[in-house]
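Working through the structure, step by step
Below are the chains, spelled out letter by letter.
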Amino acid sequence: MRRATKSESPKSKNQTKTCFVICPIGKEGSEQREWSDTVINEIIRPVAETHFQYHVFRADEIPAPGTITRQIVEHLISSELVIADLSFNNPNVFYELAVRHVTRKPYIQMINQKESIPFDAGAIRTIQFNTDIKYANKAKRELEIQISAIECGEFKIDNPIGDAIDLMSLKNSDSPENYQIATLVKSMSEIQSQLFSLTQNIENRSNRDFWSLRKDASNDPYEYARQKAMEATQIQSELDELNHAFIVAKQCKTPKTELDRLQHCILEKEREFKRHMRGYDTIA
């Protein structure tokens, strides 16, 4: 596994776009450091640097002298892209993510798929993954899709702070219509929060079932059928992501070779889904 490499400066001569990664760094040799080194070197850099020419760095790679907290805030504000790894529920990461929310600039959330997405960040699209090769490759595909959308100008301000600012503006407006809209939005947000909380409870139970079933599913055909059904759901989610990527690529006038590659991936994923469903139908 490669160690994180320190750069000469946050912006190199050939890479003018910066991608600041906020993550649980931890002490040298700790589980958190091993995880974060793998994520930034094996997942984030191959996509953001190689495909999109961002200069990728994190807090411990800032070479300039000065107060580290101030430097972190500066990069959270100025970087063209921020990627937040929410794994390990590190409080510094959530504080830094909130600072980025205030800027209303592009950011991407990631988290270890075995962990629950915290409530306040849960309504925001988050890449769930682990560092096994299969899931790491899936994370890279999803990361590529989200960065492509940002590059095409499709980033939508969607975070609690941005929403609150918009809501306050509407409430303070002299227009009765704007006030009514603000009241409606607030009610819808409360409903959305309740629905998300219910969904998270269901998903958490399903995830616990999934990881426990992998150990003894082969001994129980009914449990095996449940496992196959959950795996099929995951494949369907990946297929949806690929279809979305294809649509974004067409809108961005992506070269035909890339469109052909995406179409091939979609066909392969459809075949994989059908194979899983055939196995599930046989058991069920």
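Because the structure is a prediction, the values reported are computed rather than measured.

Along the backbone of the protein chain there are nine helices and five strands. Written out in order from the N terminus, the α and β elements of the protein chain read β-α-β-α-β-α-β-α-β-α-α-α-α-α. Here the protein chain holds 284 residues, and 39% of them are scored as buried. A separation of at least 24 residues holds for 65% of the contacts in the protein chain among residues at least 6 apart in sequence.

Taking 1.5 Å as the rise per residue, helix 5 (residues 133-151) with 19 residues should run 27 Å; its terminal C-alpha atoms sit 26 Å apart, in good agreement. Downstream of helix 5 by one or two residues, Gly153 has phi in the positive range, about 80 degrees.

Turning our eyes to something else, we now look at the pairing of strand 1 (residues 17-22). One face of the sheet, then the other: side chains in a regular strand alternate in exactly this way. The buried fraction of strand 1 amounts to five of the six residues, a majority that puts the element mostly inside the structure. The sheet contact formed by strand 1 and strand 2 (residues 54-58) spans five bridges and is parallel. Bridging across to strand 2, Cys19 finds its partner in Val56. Crossover connection from strand 1 via helix 1 (residues 31-48) to parallel strand 2: handedness right-handed. Of the strand pairs in this sheet, strand 1 and strand 3 (residues 81-85) are connected by four bridges, and their pairing is parallel. Within strand 3, the residue paired with Ile22 across the bridge is Ala84.

Within the secondary structure, Glu80 is located in the loop between helix 2 (68-78) and strand 3. Engagement of the side chain of Glu80 in a polar contact is seen with the backbone nitrogen of Thr18, the distance being 2.8 Å.

Right, let's talk about the pattern of salt bridges for a bit. For the structure on display, the rule yields ten salt bridges. Of the charged contacts, one joins Glu28 and Arg33 as a salt bridge, the two residues approaching to 2.6 Å between their closest N and O atoms. Close ionic contact of Arg45 with Glu49 constitutes a salt bridge, the shortest N to O distance being 3.7 Å. For Arg45, a relative accessible area of 8% puts it in the buried group. Because the salt bridges share partners, they merge into one network encompassing Asp37, Arg45, Glu49, Arg58, Asp60 and Glu61.

A word on the pairing of strand 3. Counting buried residues along strand 3, five of its five residues qualify, which places the element largely inside the surrounding structure. Of the two faces of strand 3, the one carrying Leu81, Ile83 and Asp85 and the one carrying Val82 and Ala84 are both buried. Summarising the sheet, strand 3 and strand 4 (residues 107-112) pair through four bridges and their orientation is parallel. The residue bridging Asp85 from the neighbouring strand is Met110, located in strand 4. With helix 3 (residues 91-103) bridging strand 3 and its parallel neighbour strand 4, the resulting β-α-β unit is right-handed.

Another aspect to go through is the packing of aromatic side chains. Counted according to the given criterion, the structure contains three aromatic pairs. Aromatic pair Phe20 and Phe57: ring centres 5.1 Å apart, planes at 35 degrees, arrangement tilted. In this pair, Phe20 sits in strand 1 while Phe57 sits in strand 2, placing the two residues 37 residues apart along the sequence. On the numbers, 5.5 Å between centres and 35 degrees between planes, the contact of Trp35 with Phe129 is tilted. In this pair, Trp35 is assigned in helix 1 and Phe129 in strand 5 (residues 126-129), connecting sequence segments 94 residues apart. Classification of Trp35 by relative accessible area gives buried; the value is 11%. For Phe129, a relative accessible area of 0% translates into the label buried. Its end group placed over the ring of Tyr54, Lys17 keeps NZ or CZ at 4.2 Å from the ring centre.

Cut-offs applied
Residues numbered from 1 in each chain as written. Predicted model: local features only at pLDDT ≥ 70, side-chain atom pairs only at ≥ 80, totals over all residues. Heavy atoms only, no water. Helix = DSSP H or I, 4+ residues; strand = E, 2+ residues; numbered from the N terminus. Buried < 20%, exposed > 50% of the residue type's maximum accessible area, 1.4 Å probe, protein only. Contact = heavy atoms within 4.5 Å. Expected span 1.5 Å × (residues − 1). Pairing = 2+ DSSP bridges. Right-handed = clockwise from strand over helix to strand, strands pointing away. Polar contact = N/O pair within 3.5 Å; in protein donor to acceptor, adjacent residues only side chain to side chain. Salt bridge = Lys/Arg side-chain N within 4 Å of Asp/Glu carboxyl O. Phe/Tyr/Trp six-rings, centres within 6.5 Å; stacked < 30°, edge-to-face > 60°. Lys NZ or Arg CZ within 6 Å of the ring centre and 35° of its normal.

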